[in-house]
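Structure at a glance
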Amino acid sequence: MARITGPQPGRALVAALAGALCLALGLSLGTTPAAARASSAPSAASVPATIPATLQPGPLAVVPSRILVQRLLEQRVLELTNQRRRAHGCTPLRHSVPLRRAARGHTVEMALAGVMSHQLPGEPKFSTRITRAGYTGWRLVAENVARGFSGPAAVVRAWMNSPGHRRNILNCRLRDLGVGVVLQDGQLWWTQDFGRR
């Protein structure tokens, strides 16, 4: 377990980041119809509301931008983490849906509580959260958390500069990773859940 706090990016920077990611992927920012939002948007407990985006072309390709940006940020954290691991002789981590579910759930809880911790009041310890999210039969698990930071490169750099976080990232025995990123009140919250079965 390890945690770290960084500078908060502010709403303007976060909006610019979302816009840049959408433009880079050929997305147009806009408003999705209410019916599409209602049917495709996750519950309010899972992610905060942000600007929706539609994929072009294709009339049925409607994706809320908060989900798209969340996935892009999470994927980039995985890529940057694997770059650091390869540079130190470790095999790349594989994306794990159950670990992502655990990481996202915990990130939402931290953001809603406004508290960075591996165990919030009334919440089980991280190994129990990981198991309940479906990552069962594990032999080893670890977790990094952070809040603030302007994006994936900044948070991974900060984790690498912190001995406890670095130890988790460069633990060559770990094989799987799930990342959770949430934007709440202009601040990004981050969780990495690592595992090995």
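Residues numbered from 1 in each chain as written. Predicted model: local features only at pLDDT ≥ 70, side-chain atom pairs only at ≥ 80, totals over all residues. Heavy atoms only, no water.

1. Focus on the state of the cysteines
For the coordinates displayed, the defined rule picks out one disulfide. Here C90 pairs with C172 through a disulfide, and the sulfurs are 1.9 Å apart. Looking along the S-S bond of the C90-C172 disulfide, the torsion reads about -70°, which is the left-handed sense. Separated by 82 residues along the polypeptide, C90 in the loop between α3 (65–87) and β5 (94–95) and C172 in the loop between α7 (163–169) and β7 (176–184) bring together distant segments of the chain. (Disulfide = S-S within 2.5 Å. Helix = DSSP H or I, 4+ residues; strand = E, 2+ residues; numbered from the N terminus.)

2. What about helix α4 (residues 97–113)?
An ideal rise of 1.5 Å per residue puts 24 Å on 17 residues; α4 measures up with 24 Å between its terminal C-alpha atoms. The complete set of buried residues in α4 reads P98, L99, A102, A103, R104, H106, T107, V108, M110 and A111. Two or three places before L99, at the start of α4, stands the capping residue S96, its side-chain oxygen 3.2 Å from that residue's backbone nitrogen. G114, located one to two residues past α4, shows a positive phi value of around 70°. (Expected span 1.5 Å × (residues − 1). Buried < 20%, exposed > 50% of the residue type's maximum accessible area, 1.4 Å probe, protein only. Polar contact = N/O pair within 3.5 Å; in protein donor to acceptor, adjacent residues only side chain to side chain.)

3. Some details on the pairing of strand β8 (residues 187–196)
Of all the 10 residues making up β8, nine are buried; the element is thus mostly covered by neighbouring parts of the structure. Of the strand pairs in this sheet, strand β6 (residues 140–147) and β8 are connected by eight bridges, and their pairing is antiparallel. Residue pairing for β8: A146 is matched across the bridge by W190. When β7 meets β8, the two strands line up antiparallel, connected through nine bridges. (Pairing = 2+ DSSP bridges.)

4. Digging into unusual backbone geometry
Notably, F149 is not glycine yet its phi reads approximately 70°, a positive angle. At D185, a position not held by glycine, the phi torsion is positive, near 50°. Looking at where D185 falls in the secondary structure, it is placed in the loop between β7 and β8. By relative accessible area, which is 61% here, D185 ends up exposed.

5. Quick word on the packing of aromatic side chains
As enumerated under the stated definition, the model contains zero aromatic pairs in all. Here the basic side chain of R197 rests over the ring of Y135, its NZ or CZ set 4.2 Å away from the ring centre. (Phe/Tyr/Trp six-rings, centres within 6.5 Å; stacked < 30°, edge-to-face > 60°. Lys NZ or Arg CZ within 6 Å of the ring centre and 35° of its normal.)

6. So, the pairing of β7
Among the nine residues in β7, eight count as buried, and that is most of the element. Alignment of β5 against β7, held across two bridges, turns out to be parallel. Bridge pairing links H95 to L177 in β7. Hairpin connection of β7 to β8: two residues between the antiparallel strands, including D185 at a positive phi of 50°.

7. Considering the side chain of S127
Tracing the backbone shows S127 in helix α5 (residues 126–132). Looking at S127, the relative accessible area reads 14%, which means it is buried. When sequence neighbours within four positions are dropped, the list of residues in contact with S127 reads W138 and V141. (Contact = heavy atoms within 4.5 Å.)

8. Digging into the confidence of the model for the protein
On average, residues of the protein carry a pLDDT of 77, and 67% of them reach 70 or more. Ranking the helices and strands of the protein by mean pLDDT puts β5 first, with 98, and strand β2 (residues 27–29) last, with 30. Contacts of residues 8–16 to residues separated by more than four positions or lying in other chains number 15 contacts, the stretch itself having pLDDT below 50. Throughout residues 18–63 the model reports pLDDT below 50, and contacts reaching past four residues in sequence, or to other chains, amount to 67 contacts. (pLDDT = per-residue confidence, 0-100.)

9. Topic: the environment of R147
By the element assignment, R147 lies in strand β6. Here the alpha-carbon distance between R147 and M110, two residues 37 residues apart in the chain, equals 9.1 Å.

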